[in-house]
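# Fold and geometry: a report
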Amino acid sequence: MATSPVKADRDAIARVERECQMDIAKIAATLEDSQIIAQAINSQPHDKGLKILATGLFWSGVIGIATMFVRPNYVWYGVSLGFISGIAGRIMEPFKS
């Protein structure tokens, strides 16, 4: 015996309503609101200078720590190299093909 696709949809909606303890219209409205909020957050311009600085600081820390274990006398060279490499990598990111 074949099951109607409409009946299967109604059963699925009833299960979702039961699990969420909400009406399907409220569920749809909540999902739309969440989508609007996500789009608004993603569409805001991000401060590129802050991202560039944060990336430089991150890599200066990583390479500085690695240098500390390999060549403790050259830690500041490693920190400087990491900072410059992090900034350069973030600046060059839009030019990747």
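Cut-offs applied
- Residues numbered from 1 in each chain as written.
- Predicted model: local features only at pLDDT ≥ 70, side-chain atom pairs only at ≥ 80, totals over all residues.
- Heavy atoms only, no water.
- pLDDT = per-residue confidence, 0-100.
- Helix = DSSP H or I, 4+ residues; strand = E, 2+ residues; numbered from the N terminus.
- Contact = heavy atoms within 4.5 Å.
- Salt bridge = Lys/Arg side-chain N within 4 Å of Asp/Glu carboxyl O.
- Buried < 20%, exposed > 50% of the residue type's maximum accessible area, 1.4 Å probe, protein only.

## A short note on the confidence of the model for the protein chain
Of the residues in the protein chain, 91% have a pLDDT of 70 or more, and the chain-wide mean is 82. Between the elements of the protein chain, mean pLDDT differs from a low of 78, seen in helix H2 (residues 24-43), to a high of 89, seen in helix H4 (residues 75-92).

## Considering the side chain of Thr 55
Here Thr 55 is to be found in helix H3 (residues 48-70). Leaving out residues up to four positions away in the same chain, Thr 55 has contacts with Gly 86 and Arg 90.

## Examining the pattern of salt bridges
Scanning all chains against the criterion turns up one salt bridge. Asp 11 is the salt-bridge partner of Lys 7, the closest N and O atoms lying 3.3 Å from each other. With Lys 7 and Asp 11 both in helix H1 (residues 5-20) and four residues apart, this pair spans about one turn of that helix. Asp 11 sits in the partly exposed class, given a relative accessible area of 35%.

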